[in-house]
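Chains, contacts and geometry: an overview
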Amino acid sequence: MLRLWISLSLILSCVLAKHPHILFILMDDQGYGDMGYTYPTNDVHTPLLDELAAKGLKLNRHYTSWLCTPTRASIMSGRYPIELGIQHDVFASNTEECLNEKELLMPEVVRHNGYATHLVGKWHLGYARWSCMPCMRGFDSALGYTSGTTGWITHKVGSYYDFYQCARSLEEGLTWGVLSKDKGIYSNFLYNKRVKKIIQNHDPESPLFLYLPMQSVHSSYYAPENYYTCTGNKRCTMQAMLNSAEDLIGDVISYFQDAGLWEDTILLYGSDNGGPHSTYHSNGHLKGYKSTLWEGGVRTPSFIYSPNESLLPERFRGTSTDCYFHVSDWYQTIISISGGWSKYERSTGNKMPIDLDSIDQSSYLLNDNSGTCPRTEIMLHIDPVKKVAGYYKNDFKLLVGDQDSTNSCSGTAFYPLNIDSLDFDVIQLFNITADPNEADDISSSNADIVTDMVYDLTEYLKKQRPLQCQLPTIDGSYPNDVVPYYIPWDYSQGYLPSSAFHKL
């Protein structure tokens, strides 16, 4: 391990800012209609994001999973959720659910390319063991929360506190603490403060990867009063939350500018899934919502921006692409932007993982997008609990099963998956290019296309992994009434004072 960290330090000293700084912003539950630019009659306004998107490259067909944990796992691992066994639901507290520690995560490779890697915001990929946590998965530091959401002011999930900070370095090893002293302070103010400190302390001669998985605009629906520009309905609260998010993003950009980093930065923006079935949210003209496979649940706003023409050429500015982009593609695309695989392979002796689903779209998006789209299909979802599936190929989208199913896990093993795991009594086919609203089911007149896509879909079952599906809660796990914090259970020394960081 010491040799590995020495290698990382040597790499870092050799790699200057020839690779761009990367700012990756992932919104939480921002639906297609929760962004100003997505359709003309929108009832919310996002002037900063609209301006960045208008001067950048919009990804019109940015596809995610139907929930946040599977999406975040795909981003970090470069794999479809079915290959990680986490496609059905989000990770729950007090269980052993964790993104497989054998997976090589994207920030681990980026760090080998000489980048300082930092996370500020939501993790939600497991916390049962330290090996599940971001500071053991490639991030030099992390501040935020482990769960699907946390209180904006209390920083609690139920009765227990979920707000932590960790860091890892060759000199100090792993240090960490729970931040209960920050109760009463609005989350976005804490994220703002942390990002400012990261950038002020960053060596401008080395590249920076800042992952900002936002708490906005997930429930609970709250923003300080000064962010409200209207009252009287829930969309006014959404507008206030978006105003707060834009305030944070604007400050982050200003910190990059003040440090002289912005001109060499590329900004990547997306949302983790569609907006929930709630009057706070809107998915615009798209059908469906979060936790469904309709477009409104899985098609989200996304764009790329950079002030530097060598990073985003002038001919791409103010344009958009209708090519498929799956969230797993961020894995290979970000690694490519950061310098590729060669430094990681040389310093570790390991090769790039095989059979990744991620496609490197950096050349197409940032150099020449006049040719064929890099991706022609997306294995969107196969869920043995709800017995539904979704698959895109060329112009078509196949949906299998009752999309309104409310089946849920009961702890029963749903593995291995097979053709009987799906409900083929209900099949729908849409030309998603011509019919993005999914109004016209054309399955009955295109039996050959259906047969072809069903075959492809079932072939993906060969890549499955056992399903983590509401694993049983573990007695004595954290949090509990004795240790009221969301912290890894392999810390076994009991109650933790919140005034200091701890070394492991």
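Residues numbered from 1 in each chain as written. Predicted model: local features only at pLDDT ≥ 70, side-chain atom pairs only at ≥ 80, totals over all residues. Heavy atoms only, no water.

1. Observations regarding the overall build of the chain
Summing up its helical and strand segments, the chain has 11 helices and 20 strands in all. The globule rule puts the C-alpha radius of gyration for 504 residues at 23 Å, and the 22 Å found for the chain is close to it. Dimensions of the chain, computed from the C-alpha atoms along their principal axes, are close to 65 × 60 × 55 Å. Expressed as a percentage of its 504 residues, the buried residues of the chain come to 61%. Summarising the internal contacts of the chain: among those between residues at least 6 apart in sequence, 74% fall at separations of at least 24. (Helix = DSSP H or I, 4+ residues; strand = E, 2+ residues; numbered from the N terminus. Rg over C-alpha atoms; globule rule 2.2 N^0.38 Å. Buried < 20%, exposed > 50% of the residue type's maximum accessible area, 1.4 Å probe, protein only. Contact = heavy atoms within 4.5 Å.)

2. Brief notes about the packing of aromatic side chains
For the structure shown, the criterion picks out 26 aromatic pairs. Centre to centre, the rings of Phe-325 and Trp-330 are 4.5 Å apart; their planes meet at 55 degrees, and the pair counts as tilted. Residue classification places Trp-330 among the buried residues on the basis of a relative accessible area of 0%. Linked through ring pairs, Phe-24, Trp-123, Phe-139, Phe-209, Tyr-211, Phe-325 and Trp-330 together constitute an aromatic cluster. We note Lys-58 situated over the ring of Tyr-37; from NZ or CZ to the ring centre the distance is 5.5 Å. (Phe/Tyr/Trp six-rings, centres within 6.5 Å; stacked < 30°, edge-to-face > 60°. Lys NZ or Arg CZ within 6 Å of the ring centre and 35° of its normal.)

3. A few points about the sheet that holds strand S19 (residues 427-431)
One open sheet holds the four strands; their spatial order is S16-S17-S18-S19, and the pairing between them is antiparallel. Only two strands of the sheet have a single partner each, and these edge strands are strand S16 (377-383) and S19. Pairs of neighbouring strands in the sheet enclose a mean axial angle of 10 degrees, with direction left out of account. Bridge count for strand S18 (residues 396-400) against S19 is five bridges, and the pairing is antiparallel. The partner of Phe-396 across the bridge, within S19, is Asn-431. Helix H11 (residues 447-459) rests against S16, strand S17 (388-393), S18 and S19 of the sheet, and its axis sits at about 110 degrees to S17. (Pairing = 2+ DSSP bridges. Axes fitted to C-alpha atoms, helices over the stretch in contact; angles between N-to-C directions.)

4. Description of the pattern of salt bridges
If charged atoms from side chains of opposite charge come close, those side chains can pair. Evaluated as defined, the whole model comprises 21 salt bridges. For the salt bridge of Arg-72 with Asp-272, the shortest nitrogen-to-oxygen distance reads 2.9 Å. Residue Arg-72 is found in helix H3 (residues 68-77), and its partner Asp-272 is found in the loop between strand S11 (265-271) and helix H7 (295-298); the two are separated by 200 residues along the sequence. Both residues of the pair, Arg-72 and Asp-272, count as buried. Taken together, the shared-partner salt bridges connect Arg-79, Glu-83, Glu-103, Asp-357, Lys-463 and Arg-465 into one network. (Salt bridge = Lys/Arg side-chain N within 4 Å of Asp/Glu carboxyl O.)

5. Thoughts on the nonpolar core
Residues Met-76, Met-106, Phe-209, Phe-256, Phe-303, Trp-330 and Ile-334 are the most contacted members of the largest nonpolar core, which totals 107 residues. With 11 residues, helix H6 (residues 234-258) is the largest single contributor of residues to this core. Every residue in contact with Phe-303, bar those within four places of it in the chain, is listed here: Met-35, Tyr-37, Leu-49, Leu-52, Ala-53, Leu-57, Lys-58, Leu-59, Leu-267, Leu-268 and Tyr-269. Membership of the second largest hydrophobic core comes to 33 residues, among which are Ile-82, Tyr-324, Leu-422 and Leu-461. (Core = buried A, V, L, I, M, F, W, Y, C linked by side-chain atoms within 4.5 Å.)

6. A short note on helix H5 (residues 187-200)
With 14 residues, H5 extends 20 Å between its outermost C-alpha atoms, agreeing within 8% with the 20 Å of an ideal straight helix rising 1.5 Å per residue. Turning to H5, its buried residues number three or more, namely Ser-187, Asn-188, Leu-190, Tyr-191, Asn-192, Arg-194, Val-195, Ile-198 and Ile-199. Turning to H5, the residues buried within the fold contact strand S4 (116-122), strand S5 (141-145), strand S8 (164-169), strand S10 (208-213) and H6. (Expected span 1.5 Å × (residues − 1).)

7. Brief notes about the environment of Arg-168
When you line up the elements, Arg-168 lands in strand S8. Residue classification places Arg-168 among the buried positions, given a relative accessible area of 15%. With 28 residues separating them along the chain, Arg-168 and Asp-140 place their C-alpha atoms 5.2 Å apart.

8. Looking at the side chain of Ser-358
With respect to the helices, strands and loops of the structure, Ser-358 is situated in the loop between helix H9 (342-348) and helix H10 (362-366). From its side chain, Ser-358 meets the backbone oxygen of Ser-328 in a polar contact 2.6 Å long. Among all residues touching Ser-358, those that are not within four sequence positions of it are Gly-78, Ser-328, Asp-329, Tyr-331, Gln-332 and Arg-375. (Polar contact = N/O pair within 3.5 Å; in protein donor to acceptor, adjacent residues only side chain to side chain.)

9. Things to note about the confidence of the model for the chain
Across the chain, pLDDT averages 90, with 91% of residues at or above 70. Residue range residues 1-17 is modelled with pLDDT below 50. Its contacts to residues more than four positions away, or to other chains, number 31 contacts. Contacts for the low-pLDDT stretch residues 492-502, under 50 throughout, to residues beyond four places or in other chains number 24 contacts. (pLDDT = per-residue confidence, 0-100.)

10. As for the sheet that holds strand S3 (residues 62-63)
The three strands lie next to each other as S12-S3-S15, forming an open sheet whose pairing is mixed. The sheet is open, and its two borders are formed by strand S12 (299-300) and strand S15 (325-326), each paired with just one other strand. Across two bridges, S3 lies against S15 in parallel orientation. Looking across to S15, one finds that His-62 is bridged to Phe-325.

11. Digging into the packing of H5 against H6
Where H5 contacts H6, the axes come no closer than 10 Å and their chain directions differ by 10 degrees. By the angle between their directions, the pair H5 and H6 is classed as roughly parallel. Residue-level contacts link Asn-188, Tyr-191, Asn-192, Val-195, Lys-196 and Ile-199 of H5 to Ser-244, Ala-245, Leu-248, Asp-251, Val-252, Tyr-255 and Phe-256 of H6. (Parallel < 35°, antiparallel > 145°, perpendicular 65-115°, else oblique.)

12. Describing the state of the cysteines
Evaluated as defined, the whole model comprises four disulfides. For Cys-135, the disulfide goes to Cys-166, at an S-S distance of 2.1 Å. Its S-S torsion of approximately 90 degrees makes the covalent link between Cys-135 and Cys-166 right-handed. Here Cys-135 is found in the loop between S4 and S5, whereas its partner Cys-166 is found in strand S8, with 31 residues between them in sequence. Of the two residues, Cys-135 and Cys-166, both sit in the buried class. In this model, Cys-323 is linked to Cys-373 through a disulfide, with the two sulfur atoms separated by 1.9 Å. The chirality of the disulfide connecting Cys-323 with Cys-373 is left-handed, given an S-S dihedral of about -70 degrees. Here Cys-323, found in the loop between strand S14 (319-321) and S15, pairs with Cys-373, found in the loop between H10 and S16; they are 50 residues apart in sequence, far enough to count as distant. With relative accessibility at 7%, the residue Cys-323 sits in the buried group. (Disulfide = S-S within 2.5 Å.)

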